[in-house]
Amino acid sequence: MSEYENMRTADIVAEALLDWKVEVIFGLPGDGINGFMEALRRRQNKIKFVLVRHEESAAFMACAYAKYTGKLGACVATSGPGAIHLLNGLYDAKADNTPVIAITGTTYSDLMNSSYQQDVNLLQLYSDVAVYNDMIIVPEQAEMAVDIACRTALAQRGVSHLTIPIDIQEKKMSGKFSRHNVAYHTSDVYVAETIPSRSLIKKAAEILNSGNRIVILVGQGALGAGDEVLAAAEKLSAPVVKALLGKSVIPDDNPYSLGGLGLLGTEPSSDAMSEADTLFMIGTSFPYIEYLPKPGQARGIQIDIKPEKIGLRYPVEIGLVGESRLILSALLPLLNQKDNLEFLKSKQKAMKNWNRLLKEKSTRTDKPIKPQVIAKAVSDEVEDNAIISVDCGTNTSWAARYIDIRKGMKFSVSGTLSSMANGLPYAIAAQIAFPERQSIAFVGDAGLTMLMGEFATAVQYNLPIKVIVIKNNTLGMIRWEQMGFLGNPEFGVEFSPIDFAKFAEACGGKGYAIKEPSEVKSVMHQGMKERKPTIIEAYVDPFEPPMPPKVEMSFVNNLAKSFAKGQPYTRRIGLTLFRDQVHNSLKNIHSHSIK
C-alpha cells in the first residue's frame, strides 16, 4: 500500500510539493481550486499559504521568492479569471529564467469546452509561458505530474503549470494504474550541478590569457559567484560591468566595478565595451546588444546555465554551460596574472569622475526635489543585508545609479519583461522569505497604483516592508520615450494625484511624505526605522529626465521636434535641462548645502 492510497488528488499534489521542499505558496482561493485549498488548510503547519489581493501579485511573489532564495517559487489560482490573472507575473518568471510552479483549477471534467462558467482552455492559454504544462485527470497521475513539473521548472529555469478539474481535486486514488504505468515509479530527485569538460575550460582560459583589454559582463546567473568573479577580474585586470539583474553580484563601490550598462548604466561601462578586445560574459543574456562590442571587435567567452543562451547576444568562441561558480572555480587556476593595468586604471579613473557627477546630482537642493536625491537617501539608510526590489519606470534609472549595493545585499527587478507593478509584490515575498532582513520596494507612483492593494497584504501579515514612492503623477519613462525616441509630444501620461501616506494609514500601516529638500534625510531616516509596513512618498520634479550615459544628437533632435509639434511644459522642461547641464559643468567648483 502506498502512502497515497485512498488519498484525494489535491492531497497528493500537496504532499508531492512538500517532497520538493515547497514551503510557501502565494495565491487567492476560488471555487475552482477549493479542493486544493482544503489540502493546504490541512497542511498549514508545513506549507505557508499567503493570501494576496490580486493573482498577478501571487505570480510576482512566487517569481521573487525564487529569485531571492534560489528555491522553487509556487502560486495558486482558481479557474478562469484567476488563472488568467497569474500570467503577467509568470511571464516575468519566464523572461528572467526563474523556476516557478503554478497550480490552477479548471472546470468540471465532464463540462469542459461546453461554455460552462469560467471554462477557459488553460493548457492552450499557458502553452507559451510554461516549460511544462499539463492537466491532472486522475489521482494516479498526480504525483508523477508534480515531480515532472517541479523538476522541469528547476532544470529549465522556467514556469511549470498544472491545472486540475474541480471534481478531480476531490477524487480519491483507487490504485488502479494503467497497464504500462508502474505504480510509484516517480521520484523527487533533482541534480543541479553541471560543469563543462576540462579541455573546453582550458581553451577558454587560453583566449582570456591572450586578451589585453578584457571586460567582464555579469548578470543574474553570476549571483552567488561574486568572490569568483572578483578573483577572475583581479587576475585578468578586467573591469566588471553589471547587467541590472546582476547588480548585487559585486558591491558597487568595489574598484573593479564599472556599474551598469545601457540606458541605465554608466559612461565608463559604455567606453569599456567600445574599447574591449575580449568580452567575458558570465550568467547574462543582456538584451541591448548595441551596447556590447561590435561583432568582430572582441573575442567572446560566455558562461551560462542554459545552452540556448550561448552566443545569443554576441558571437563567442567558447561557450561554457553550467553553474557560474563551479566553472569559475575550475577556470581560475588556469588564468595568468596580467601585469598591464593600463586599461583597468583608465576605467577606474573614469569611474571616479562618473561618481563625482552622481554625487553632484544626488546632493542638489532644488525644489521640486530631484528624484536622484531620494534614491541616494534610500541608499544611505539601507542595512548591510537589505533586500531591494525595484519597479519599472524612471524609478529604475534612479535605483540603478544611485542605490549602492554592498556585499550581502540582494537586489532584483522585473528585468527582461520590465513589467510595472512588480516592486511591491517582490518586497513582500522577500520579507516572507527573510523575515529578519530589511525589505525595501523602490517604486514609481504609476507602478505602485497597479497593485497597491498588496500593501494591505503586508499589513495583514505584519511585514515591515518599506515602500519608497517616487511621486511625479506621471508615466515618466513613457513621457521621455515619446519625446526623445519618437519626437512626439507627450500624450496620455499624466495621472491625478493619490495621497499614498494617507492610503498607508488607512490600510493600517505608517505613511510619510517628503515635500521639501530639507525633509529628505530626517523623514527617510524616521520612516525606515518603523517596524510596521510603511510608505514614504517623495514629491519629486516630474520634468527630471532619465538621461542615458551618453546623449546622442538624435535624442536632442527628437526633443526639438516634440517641442515644435506642441509638447506641453516646454518652458519647464527646457529650464530643467539647462539647469542640469549647468550643474554638471560646475560640479567640481561648488557644493550643495541645505539652509
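Structure: see above.
Bear in mind the structure is a predicted one, so any value in this text is a computation, not a measurement. (Residues numbered from 1 in each chain as written. Predicted model: local features only at pLDDT ≥ 70, side-chain atom pairs only at ≥ 80, totals over all residues. Heavy atoms only, no water.)

Trainee: Could you clarify how one ought to interpret the overall build of the chain in this entry?
Mentor: Of the regular secondary structure elements, the chain holds 23 helices and 18 strands. Relative to the compact-globule value of 25 Å for 595 residues, the chain shows a C-alpha radius of gyration of 25 Å, a close match. The C-alpha extent of the chain, read off along each of the three principal axes, is 80 × 60 × 45 Å. The proportion of buried residues among the 595 residues of the chain is 56%. The long-range fraction of contacts in the chain, counting pairs at least 24 apart against all pairs at least 6 apart in sequence, stands at 75%. (Helix = DSSP H or I, 4+ residues; strand = E, 2+ residues; numbered from the N terminus. Rg over C-alpha atoms; globule rule 2.2 N^0.38 Å. Buried < 20%, exposed > 50% of the residue type's maximum accessible area, 1.4 Å probe, protein only. Contact = heavy atoms within 4.5 Å.)

Trainee: What am I meant to see in the packing of aromatic side chains here?
Mentor: When we look at a pair of aromatic rings, we describe it by the centre distance and by the angle of the planes. Per the stated rule, a full pass over the model turns up seven aromatic pairs. Here the aromatic rings of Tyr68 and Tyr426 are separated by 6.5 Å at their centres, their planes lie at 85 degrees, and the arrangement is edge-to-face. Of this pair, Tyr68 sits in helix H3 (residues 55-69) while Tyr426 sits in helix H16 (residues 423-433), placing them 358 residues apart in sequence. An identical accessibility class is assigned to Tyr68 and Tyr426; each is buried. With a centroid separation of 6.1 Å and an interplanar angle of 80 degrees, the aromatic rings of Tyr108 and Tyr116 are classed as edge-to-face. (Phe/Tyr/Trp six-rings, centres within 6.5 Å; stacked < 30°, edge-to-face > 60°.)

Trainee: So what exactly am I meant to see when it comes to the layout of surface pockets here?
Mentor: By volume, the second largest pocket amounts to about 520 Å³. Residue lining of the second largest pocket: 21 residues in total, with Ser270, Glu290, Tyr291, Lys550 and Glu552 positioned closest to the centre. Residue assignment for the lining of the second largest pocket shows that the elements contributing at least two residues are helix H11 (267-275) and helix H22 (553-564). Element by element, the count of residues in the lining of the second largest pocket is highest for H11, at four residues. Looking at side-chain class alone, the lining of the second largest pocket contains 10 nonpolar, six polar and five charged residues. (1 Å grid on protein atoms, 1.4 Å probe; cavity = no way out; pocket = protein on both sides within 12 Å on 5 of 7 lines; lining within 4 Å. Points joined across faces, edges and corners; volume = space filled by probe spheres on them. Nonpolar A, V, L, I, M, F, W, Y, C, P; charged D, E, K, R; others polar.)

Trainee: Could you clarify how one ought to interpret unusual backbone geometry in this entry?
Mentor: Both trends apply: most residues other than glycine have a negative phi, and most peptide bonds are in trans. Here the amide bond leading from Lys367 into Pro368 is cis, since omega sits at 5 degrees, within 30 degrees of zero. Mapping Pro368 onto the fold places it in the loop between helix H13 (342-362) and helix H14 (371-381). One non-glycine residue, Asn113, lies in positive phi territory at about 60 degrees. Note on placement: Asn113 falls in the loop between strand E4 (100-106) and helix H6 (122-125).

Trainee: Mind showing me how you'd approach the side chain of Ser269 here?
Mentor: Along the chain, the position of Ser269 falls in helix H11. Excluding anything up to four places from it in sequence, Ser269 contacts Val241, Leu258, Gly260 and Leu261.

Trainee: Any chance you could explain the pattern of salt bridges here in plain terms?
Mentor: Applying the stated criterion across every chain, the model contains 25 salt bridges. Close ionic contact of Glu317 with Arg299 constitutes a salt bridge, the shortest N to O distance being 2.7 Å. One end of the pair, Glu317, is in the loop between strand E11 (299-304) and strand E12 (318-321); the other, Arg299, is in strand E11, with 18 residues separating them in the sequence. Judged by its relative accessible area of 42%, Glu317 is partly exposed. Exposure remark for Arg299: the relative accessible area of 34% places this residue in the partly exposed category. Residues joined by salt bridges that share partners form a network here, namely Arg8, Asp11, Glu15, Arg42, Arg43 and Glu170. (Salt bridge = Lys/Arg side-chain N within 4 Å of Asp/Glu carboxyl O.)

Trainee: Sorry, what's going on with the pairing of strand E13 (residues 387-390) here?
Mentor: A regular strand places its side chains so that they alternate between the two faces of the sheet. The two faces of E13 match: Ile387 and Ser389 on one face and Ile388 and Val390 on the other face are all buried. Across four bridges, E13 lies against strand E14 (residues 410-413) in parallel orientation. Across the sheet, Val390 pairs through a bridge with Val413, a residue of E14. In terms of strand pairing, E13 meets strand E15 (residues 439-444) through four bridges, oriented parallel. When the bridges of E15 are listed, Ile388 appears paired with Ile440. (Pairing = 2+ DSSP bridges.)

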